[in-house]
Amino acid sequence: MISTNYQVYQSDLQEVLNEFVDFSGQVCVNGQIKDENFLVDVSVLEKSYSYQYLYCPNTPLEEKRLQKRFLKLSLYKSLVSYTGESLPWGALTGIRPTKLAYQQDENFEDFFLNTMLVSKEKTQLIAKILNTQKGIYNRDSNNKDLFISVPFCPSRCEYCSFISNEIGKEPLKNEYIDALIYEIEASKAKIDNIRSVYIGGGTPVSLSDDLFYKLLNGIGKQNVEYTIEAGRPDAITQTKLEMMKEFNVTRVCVNPQTFNDKTLIKIGRRHTANDIMEKYRMVKDFGFDVNMDLIAGLTGETFEDFKYSVDTAISLNPENITVHTLSLKAGSILKETVHKLTDREVSLMVEYAHNALAKAGYNPYYLYRQKYMAGNLENTGYAKPNKECVYNIDIMEETTDILANGANAVSKKVGENGKITRIGAPKNTQAYLSKVETLIKEKNLLF
Ligand code: SF4
C-alpha cells in the first residue's frame, strides 16, 4: 500500500512499488516545495528517508515532470536501501524507454545512468537501438501505418493475456471479417503515405482459406513492408502462403516461443518444435522475411532450455528474432499458477540471448517493457542489418499515425507537438460489430 500527498502521482508511485515484487508493506511518499528545492520524505515500514532536489521549473509542464520524477526517484532509492535490491531499469517504469531517450534535450545516457539510475547495460542497449533506428525513425506526421486486428487463434496459450478467442468457438467470425473489410474500405481515402501494413491480433492465418483470402483481397495488394502474424505453425499452410505472396506480403512471423517440446505442451501450444522448423522452411521457400519470437522465463524452463531455443533460432537464420521476457499479466492462465524463476536466472537468459544474437550479426532495433515482467526486464527485437521492421519501430516510438481496424485495435494520431489522440475499438467481437459505424465516423474525424 502506498500513500502520498501528491495523489495525482499515486499510480506512478505504485508502478515503482510493484517492481519490487518481493516487498510488501506500508509505504508513504510526501513532497514539498521549499525555496528552490523539492524535498521528499519517504517512509518504508519502520524506516525513514529524506531527499532534496534542486527545483527550478520554467513551465507548468516541467513543474509536473520534475515533481513526478523526484517522487518516483525518492521512492525507488528508498526501496533499494530498504530491500538491498536494485533494478536494471532503475526508477524508469514506462513501456517506452527509447521514446524517453529521444525526448531528452541533454545527453540521454547521462540522464538514464545518473538521474534515473538505469544500469549501464540497459543504457548501452538503448544507445545501440537508437543507432540501429537511424534512417528508419521518422517524425513526419503525414506518415501512417495500417494495422488490422484478427483476434482469433487455434487454441489459447497458457501465458496469453490478449483478447484472442479460439477460432473453433467463435460463432461470429464471418460477420467479423465482413465488418473488418467494411471498416478498412471506409478508411481507404485516408490511406496515403503508408509506411507499413501489419495484420496481427491473434493468429490471422487461423482463419479458413476463404475468409483469409477475403481479408487479403479487402486490404488489397501493397508495395510497402507488409507483415502477417502467422504466429502458430499449426495454422500455416501452403495455400495461405500462396495467398500472401499474391498480395505482396513481405514479412511473416513464425513464433516458436521455445524449441523445447515439453514446454510447448505445458504452455498449451498444439505443435512440436519440428513443426516450427518445417513451417519455417516452407515460409522461407516463398522468399518472405521471417520474425521468430522467443520467451525467456517460460514454465519450468532452465537456462539451458532457453539457450537451446536461442541457438536453434539463430541456426535457422531468420531476419528478425524477438526476445520476450515472460509477463504475467492479469488474464493469463499462467498468472494463476505462477512458477517463479529468480530474477537472476531470467536476467542471465536475456543476457545470453543478447550476446549470442550480437555474435550472429543481429542488432537490437526496438524495445518495450510491460508490467509484471519476469526480472523487471524488457522485450527486445533484433534484426539483421537492413531488415528492421518499420512497423515495430513506429508503434514503439509513436512517431507515426496508426490507422487501426478491428476489435481491440487502437488508432493513434500524432499531433504537431507529439501529443497523441487515440481511438480504441471494443475488445469483444460482438461489441465491435455493434460499434463499427461509430468507429468509422470517429476515425474520419481524427485523420
Ligand atoms: S498465439 Fe498469441 S494471441 Fe494467440 S493465444 Fe497464443 S499468445 Fe495469445
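Residues numbered from 1 in each chain as written. Predicted model: local features only at pLDDT ≥ 70, side-chain atom pairs only at ≥ 80, totals over all residues. Heavy atoms only, no water.

Student: Got a minute to help me understand the packing of helix H6 (residues 173-186) against helix H15 (residues 429-446) in this structure?
Tutor: Each packed pair of helices is defined by two parameters, the angle between the axes and the distance between the axes. Taken N-terminus to C-terminus, the directions of H6 and H15 make an angle of 5 degrees; their axes are 10 Å apart at the nearest point. Considered as vectors, H6 and H15 are oriented roughly parallel to each other. Note on element contacts: H15 touches H6 through Thr429, Tyr432, Leu433, Val436, Glu437, Leu439, Ile440, Lys443 and Asn444, opposite Glu175, Tyr176, Ala179, Leu180, Tyr182, Glu183 and Ala186. Residues of the contact of H6 with H15, tallied by class, amount to 10 nonpolar, two polar and four charged. (Axes fitted to C-alpha atoms, helices over the stretch in contact; angles between N-to-C directions. Helix = DSSP H or I, 4+ residues; strand = E, 2+ residues; numbered from the N terminus. Parallel < 35°, antiparallel > 145°, perpendicular 65-115°, else oblique. Contact = heavy atoms within 4.5 Å. Nonpolar A, V, L, I, M, F, W, Y, C, P; charged D, E, K, R; others polar.)

Student: I keep staring at the pairing of strand S11 (residues 289-296) and nothing clicks. Help me out?
Tutor: Regular strands show a simple pattern: their side chains alternate between the two faces of the sheet. In terms of burial, S11 is largely enclosed, as seven of its eight residues are buried. One ladder, built from three bridges, connects strand S10 (residues 251-254) with S11; its direction is parallel. Looking at the pairing, Cys253 lines up with Asn291 of S11. In this structure, S11 lies alongside strand S12 (residues 320-325), joined through six bridges in parallel fashion. Along S12, the bridge assignment pairs Leu294 with Val323. On the question of chirality, the crossover connecting S11 to the parallel S12 by way of helix H11 (residues 303-316) is right-handed. (Buried < 20%, exposed > 50% of the residue type's maximum accessible area, 1.4 Å probe, protein only. Pairing = 2+ DSSP bridges. Right-handed = clockwise from strand over helix to strand, strands pointing away.)

Student: Looking at this structure, how should I read the domain arrangement of the protein chain?
Tutor: Partitioning the protein chain into domains gives domain 1 (1-84), domain 2 (87-132) and domain 3 (144-434). Centre-to-centre separation of domain 1 and domain 2, based on C-alpha positions: 20 Å. For the pairing of domain 1 and domain 2, the buried interface totals around 890 Å² over both sides, and the portion due to carbon and sulfur atoms is 65%. Summed over the shared surface of domain 1 and domain 2, the number is zero salt bridges. On the surface where domain 1 and domain 2 come into contact, there are three residue pairs in polar contact (both at pLDDT 80 or more). Every element with two or more residues in the side of domain 1 that touches domain 2 is listed here: helix H1 (10-19) and helix H2 (60-83). In terms of residue count, H2 provides more of the side of domain 1 that touches domain 2 than any other element does, five residues in total. Classifying every residue of the side of domain 1 that touches domain 2 by side-chain character gives four nonpolar, no polar and five charged. (Domains from an automatic or database assignment. Buried area = accessible area lost by both parts, 1.4 Å probe. Salt bridge = Lys/Arg side-chain N within 4 Å of Asp/Glu carboxyl O. Polar contact = N/O pair within 3.5 Å; in protein donor to acceptor, adjacent residues only side chain to side chain.)

Student: Would you mind showing me how to read the packing of aromatic side chains here?
Tutor: By convention here, two paired aromatic rings are described through the distance between centres and the angle between planes. Enumeration over the complete set of coordinates arrives at 20 aromatic pairs. Geometrically, the ring pair formed by Phe38 and Tyr55 is tilted, given 5.4 Å between the ring centres and 45 degrees between the ring planes. Here the residue Phe38 occupies a position in strand S3 (residues 37-44), and Tyr55 occupies one in the loop between strand S4 (47-54) and H2, the gap between them amounting to 17 residues. The buried category is assigned to Phe38, whose relative accessible area is 0%. Between Phe147 and Tyr391, the ring centres sit 6.1 Å apart and the planes meet at 15 degrees, which makes this aromatic pair stacked. Residue Phe147 is found in strand S5 (residues 144-150), and its partner Tyr391 is found in helix H14 (residues 390-397); the two are separated by 244 residues along the sequence. Put simply, the rings of Tyr6, Tyr9, Phe38, Tyr53, Tyr55 and Phe70 pair up and form one aromatic cluster. (Phe/Tyr/Trp six-rings, centres within 6.5 Å; stacked < 30°, edge-to-face > 60°.)

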